[in-house]
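Coordinate inspection notes
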Amino acid sequence: MTCVQDKPDSGLPTSLPAPRLRISLAFRGGLCAYSRARPEKDYAFKGNFMLQDLIANGQSMRTISLPRGRQRLHAMPTSTGYEVREDEIYDWDGRRRGQTPFTVLQHTISGTGRLRYENRNYRLQKNDTLLVLVPHNHRYWLAKDERWEYFWISMNGEEALRIHKSILGTSGPVFRLQPATIDHLADCSLRLIKGAASPGAASAVAYEAAMALYDDVFGSHAFAEKQSAMQPVIDHISANLDKPLPVADLVQISGLSRAHFSRCFAESEGLPPAEFVLQQRLQRAAKLLTKADFLPVKEVAILCGFEDANYFSKVFRRCYGITPSQFRTTGMYASMRTPARRGARLPDDET
């Protein structure tokens, strides 16, 4: 295996063969010739061209340790490379890699890797991307008799850490990226391996990689997918506002884990699930109070999923500022389509 390394780094695998070869870098302007000839929009072409170029370049890694200027850079790569691990010790504990914060973005090309993140186990397979923060309670490793082919980019810097923490909070440590994003990240890795000989050039590539990941996770297509995924849940809520709607049932309809469902739902609808259900109940109540004035307040409460009329009045007043009876006589619904305040939240088991 060929390695490109500026100096040893304890944050990289220790089982690499020696001696290591130093490759002369043909670097012009921070981009390899292939990257200069292929504009960014071509990442969307089908075929993962840059990923194939990275693989064709052979197993390699680079620890990036460049002279630091007077100004701290907000995104800086620390290492990158492409490797195939098979029948050997490969084991990283996120609590034993020092106290200097950095992130590891590692994409599985083929084979299988293992991850234990906090108290959950993952089996990483082809097209899975791993993102972890160090130091943190996690461990990823190669299991006995398994093979893992991957490329990675590690980086630090205030902005890189901020973006990656946001992605972890939204998607968790394992997710699937679009093929164009994978190709873009592979290109960034290859450019870092072959060049990026100055701090500014290296930082620019790291920031580009962080932004490519950001666009994939938070871009318009991701938002549309989350909205589409939540539509069966929204339909179920709308059709059953007169019944109990525990969050556990909504999670089951979504097919996601509870934590992932809560994140996706809040991103899609702008509110946590329990608060969204409460708001929908109150909107229906406001409409019934105005449009069906023959219904007693107690019956309106029942039709909107409130078994206790007194509790309904209390929550309604907390949101609209007046009681249901007062609301009915003021005609407020004509000018108010949503609760005036979002302060009336219910625990998940009371929706």
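Residues numbered from 1 in each chain as written. Predicted model: local features only at pLDDT ≥ 70, side-chain atom pairs only at ≥ 80, totals over all residues. Heavy atoms only, no water.

Bringing helix α2 (residues 49–56) into the picture now. Turning to α2, its buried residues number three or more, namely M50, L51 and L54. The arc that holds the buried residues of α2, viewed along the axis, is 105°, so those residues lie on one side. (Buried < 20%, exposed > 50% of the residue type's maximum accessible area, 1.4 Å probe, protein only. Helix = DSSP H or I, 4+ residues; strand = E, 2+ residues; numbered from the N terminus. Arc of directions from axis to C-beta.)

Turning our attention to helix α5 (residues 199–218). With 20 residues, α5 ought to run about 28 Å at 1.5 Å a step, and its terminal C-alpha atoms sit 28 Å apart, in line with that. Within the sequence span of α5, burial applies to A202, S203, V205, A206, A209, A210, A212, L213, D216 and V217. (Expected span 1.5 Å × (residues − 1).)

On to the sheet that holds strand β6 (residues 120–124), then. Spatially, four strands are ordered β3-β8-β5-β6 in an open sheet, and the strand pairing comes out antiparallel. Only two strands of the sheet have a single partner each, and these edge strands are β3 (91–93) and β6. In this sheet, adjacent strand axes meet at a mean angle of 10° when their direction is disregarded. (Pairing = 2+ DSSP bridges. Axes fitted to C-alpha atoms, helices over the stretch in contact; angles between N-to-C directions.)

Next up on the list: the pattern of salt bridges. Applying the stated criterion across every chain, the model contains 12 salt bridges. Ionic pairing is found between R95 and D93, a salt bridge with its closest N-O pair at 3.3 Å. For D93, a relative accessible area of 14% translates into the label buried. Sharing partners across several salt bridges, the network here consists of E83, R85 and E88. (Salt bridge = Lys/Arg side-chain N within 4 Å of Asp/Glu carboxyl O.)

The next subject is the packing of aromatic side chains. Counted according to the given criterion, the structure contains 14 aromatic pairs. Measuring from ring centre to ring centre gives 5.8 Å for Y90 and W148, while their planes differ by 90°; the resulting arrangement is edge-to-face. Here the residue Y90 occupies a position in the loop between β2 (76–86) and β3, and W148 occupies one in strand β9 (residues 147–156), the gap between them amounting to 58 residues. For Y90, a relative accessible area of 5% corresponds to the buried category. Residue classification places W148 among the buried positions, given a relative accessible area of 0%. Arranged with centres 6.4 Å apart and planes meeting at 55°, the rings of F306 and Y311 form a pair that is tilted. Accessibility expressed as a relative area gives 4% for F306, which makes it buried. Put simply, the rings of F306, Y311, F312, F316, Y320 and F327 touch in pairs and so form one group of aromatic residues. Over the ring of W92 we find R97; its NZ or CZ atom is 4.1 Å from the centre of that ring. (Phe/Tyr/Trp six-rings, centres within 6.5 Å; stacked < 30°, edge-to-face > 60°. Lys NZ or Arg CZ within 6 Å of the ring centre and 35° of its normal.)

All right, on to the nonpolar core then. L115, Y140, F151 and L213 are the most contacted members of the largest nonpolar core, which has 58 residues in total. Among the elements that line this core, the one with the most residues is α5, at eight residues. In this structure, F151 is in contact with L51, L54, G81, Y82, L105, Q106, H107, I109, I182, L185, A186 and S189, ignoring residues within four places of it in sequence. (Core = buried A, V, L, I, M, F, W, Y, C linked by side-chain atoms within 4.5 Å. Contact = heavy atoms within 4.5 Å.)

Most of β2 is tucked away, with 10 of its 11 residues classed as buried. Note that strand β1 (residues 60–63) and β2 share four bridges and pair antiparallel. When the bridges of β2 are listed, M61 appears paired with G81. In this structure, β2 lies alongside β9, joined through 10 bridges in antiparallel fashion. In the strand pairing of β9, S79 is matched with S154.

Moving on to the confidence of the model for the chain. Looking at the chain, the pLDDT average stands at 82 and 78% of residues meet or exceed 70. Under a pLDDT of 50 for its full length, residues 1–41 has, in the predicted model, 79 contacts with residues more than four places off or in other chains. A low-confidence stretch, residues 334–351 stays under pLDDT 50, and its non-local contacts, those more than four residues away or across chains, total 42 contacts. (pLDDT = per-residue confidence, 0-100.)

This part covers the pairing of strand β8 (residues 138–141). Relative to β8, β3 runs antiparallel, the two being bridged by three bridges. Its bridge partner being in β8, W92 is matched across the sheet by Y140. As judged from the four bridges shared by strand β5 (residues 113–117) and β8, these two strands associate in the antiparallel manner. Bridge pairing in β8 places Y117 opposite H138.

Here we come to the sheet that holds strand β10 (residues 174–176). If you trace the six strands from one edge of the open sheet to the other, you get β1-β2-β9-β4-β7-β10, paired in antiparallel fashion. Of all strands in the sheet, those with a lone pairing partner are β1 and β10, marking the two edges. Going from strand to strand, the sheet's axes swing by 20° on average, the running direction of each strand aside. In terms of strand pairing, strand β4 (residues 102–111) meets strand β7 (residues 128–134) through six bridges, oriented antiparallel. In the sheet register, H107 faces β7, and the bridge partner there is T129. Along the sheet, α5 makes contact with β2, β4, β7, β9 and β10, crossing β2 at roughly 70°.

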